[in-house]
Amino acid sequence: AQKVTQAQTEISVVEKEDVTLDCVYETRDTTYYLFWYKQPPSGELVFLIRRNSFDEQNEISGRYSWNFQKSTSSFNFTITASQVVDSAVYFCALSEVNNQGGKLIFGQGTELSVKP
Amino acid sequence: EAGVVQSPRYKIIEKKQPVAFWCNPISGHNTLYWYRQNLGQGPELLIRYENEEAVDDSQLPKDRFSAERLKGVDSTLKIQPAELGDSAVYLCASSLDRPPETQYFGPGTRLLVL
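Each value, and the rule that gives it
- Residues numbered from 1 in each chain as written.
- Chains lettered and ligands numbered in written order.
- Predicted model: local features only at pLDDT ≥ 70, side-chain atom pairs only at ≥ 80, totals over all residues.
- Heavy atoms only, no water.
- 1 Å grid on protein atoms, 1.4 Å probe; cavity = no way out; pocket = protein on both sides within 12 Å on 5 of 7 lines; lining within 4 Å.
- Points joined across faces, edges and corners; volume = space filled by probe spheres on them.
- Helix = DSSP H or I, 4+ residues; strand = E, 2+ residues; numbered from the N terminus.
- Nonpolar A, V, L, I, M, F, W, Y, C, P; charged D, E, K, R; others polar.
- Core = buried A, V, L, I, M, F, W, Y, C linked by side-chain atoms within 4.5 Å.
- Buried < 20%, exposed > 50% of the residue type's maximum accessible area, 1.4 Å probe, protein only.
- Contact = heavy atoms within 4.5 Å.
- Phe/Tyr/Trp six-rings, centres within 6.5 Å; stacked < 30°, edge-to-face > 60°.
- Pairing = 2+ DSSP bridges.
- Salt bridge = Lys/Arg side-chain N within 4 Å of Asp/Glu carboxyl O.

S.K.: Could you give an account of the layout of surface pockets, with specific residues and numbers?
M.R.: Reported here for the largest pocket is a volume of approximately 670 Å³. Broken down by secondary-structure element, the contributors of at least two residues to the lining of the largest pocket are β10 (88-96) and β12 (110-115) of chain A together with β9 (88-95) and β11 (109-113) of chain B. Grouping the constituent residues of the lining of the largest pocket by class yields 13 nonpolar, 15 polar and four charged. Every residue along the wall of the second largest pocket is listed here: Lys103(A), Leu104(A), Ile105(A), Phe106(A), Gly107(A), Gln108(A), Gln41(B), Gly42(B), Pro43(B), Glu44(B), Leu45(B) and Gln59(B). Put simply, the parts of the chain that give the lining of the second largest pocket at least two residues each are β11 (104-106) of chain A together with β5 (44-50) of chain B. Per-element tally for the lining of the second largest pocket: the top contributor is β11(A), with three residues. Split by residue class, the lining of the second largest pocket holds five nonpolar, five polar and two charged.

Okay, structure coming up:
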């Protein structure tokens, strides 16, 4: 069965600290996609990244970076030099191509609080 | 490019009353989704449309929930009658094509049932 686990419920850091949000997934499919979304207090989920299971290359976008490791079934997200505007709930999600029509399965989310 | 539009943003009703939510997806997006997000949890899919066809409604409580996407563009989700446990945020999302295409979400409707 597919499952996404975000073990960190809440994280609090001080501005300019680096922070890593963990995501561990379970799947039996060989072809799948992983996503990260940000949900600020306004409520809208904002798409951050999509990664397919055949591309293990790490990705960097500005202060954001993602580490995908199939060997440990993890897709961790790091924010470098965090800012107050990064405060939000972050969700990791999994979509299996060959199962359940690719339905997006979300983790429980990690609430990040960045204090000035 | 305009994002996914949802209305209303907030709704407070008494139990047993009906309620409806409206969603307009991103222009050109064929696939539309309705999710429910309970407090402190990730969103859970209720129903997925590909154009006018509901292709995955396995999680929709059909005794009280209904949805439609008549012309393959905007969509309405209805609850009748509402129960206390229906209090949640109802999110609409759209994607260019079927999964695993990236889904883009609207701001959601926060429903409170008293």
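S.K.: Account for the nonpolar core, with residues named and values stated.
M.R.: Residues and elements named next belong to chain A. Of all hydrophobic cores here, the largest spans 23 residues; its most connected members are Trp-36, Phe-77, Tyr-90 and Leu-112. Contributions of two or more residues to this core are made by β2 (10-14), β3 (19-21), β5 (32-39), β8 (64-69), β9 (74-79), β10 and β12. Counting residues per element, this core draws most heavily on β10, which supplies four residues. When near neighbours in sequence (up to four residues on either side) are disregarded, Phe-77 contacts Val-19, Thr-20, Leu-21, Trp-36, Leu-48, Tyr-64, Ser-65, Trp-66 and Tyr-90.

S.K.: Could you give an account of the packing of aromatic side chains, with specific residues and numbers?
M.R.: The tally for this structure, following the rule as stated, stands at 20 aromatic pairs over all chains. On the basis of an interplanar angle of 20° and a centroid distance of 6.3 Å, the ring pair of Phe35(A) and Tyr37(A) is categorised as stacked. Both residues of the pair, Phe35(A) and Tyr37(A), belong to the buried class. Plain terms: the ring middles of Phe91(A) and Phe106(A) are 6.1 Å apart, the flat faces sit at 90° to each other, and that makes the pair edge-to-face. Here Phe91(A), found in strand β10, pairs with Phe106(A), found in strand β11; they are 15 residues apart in sequence, far enough to count as distant. For Phe106(A), a relative accessible area of 10% translates into the label buried. An aromatic cluster of at least three residues, connected via ring pairs, comprises Phe35(A), Tyr37(A), Phe47(A), Phe91(A), Phe106(A), Tyr33(B), Tyr35(B), Tyr104(B) and Phe105(B).

S.K.: Describe the pairing of β2(A), listing the residues and the values that go with them.
M.R.: All names here are of chain A. Of the two faces of β2, the one holding Ile-11 and Val-13 is buried and the one holding Glu-10, Ser-12 and Val-14 is not buried anywhere. Here five bridges tie β2 to β12, and the two strands are oriented parallel to one another. Within β12, the position partnered with Val-14 by the bridge is Lys-115.

S.K.: Would you mind going over the pattern of salt bridges in detail, with residue names and values included?
M.R.: All names here are of chain A. Within this structure, the stated rule accounts for nine salt bridges over all chains. Ionic pairing is found between Arg-51 and Glu-59, a salt bridge with its closest N-O pair at 2.8 Å. Residue classification places Arg-51 among the buried positions, given a relative accessible area of 7%. By relative accessible area, Glu-59 is classed as partly exposed at 31%.

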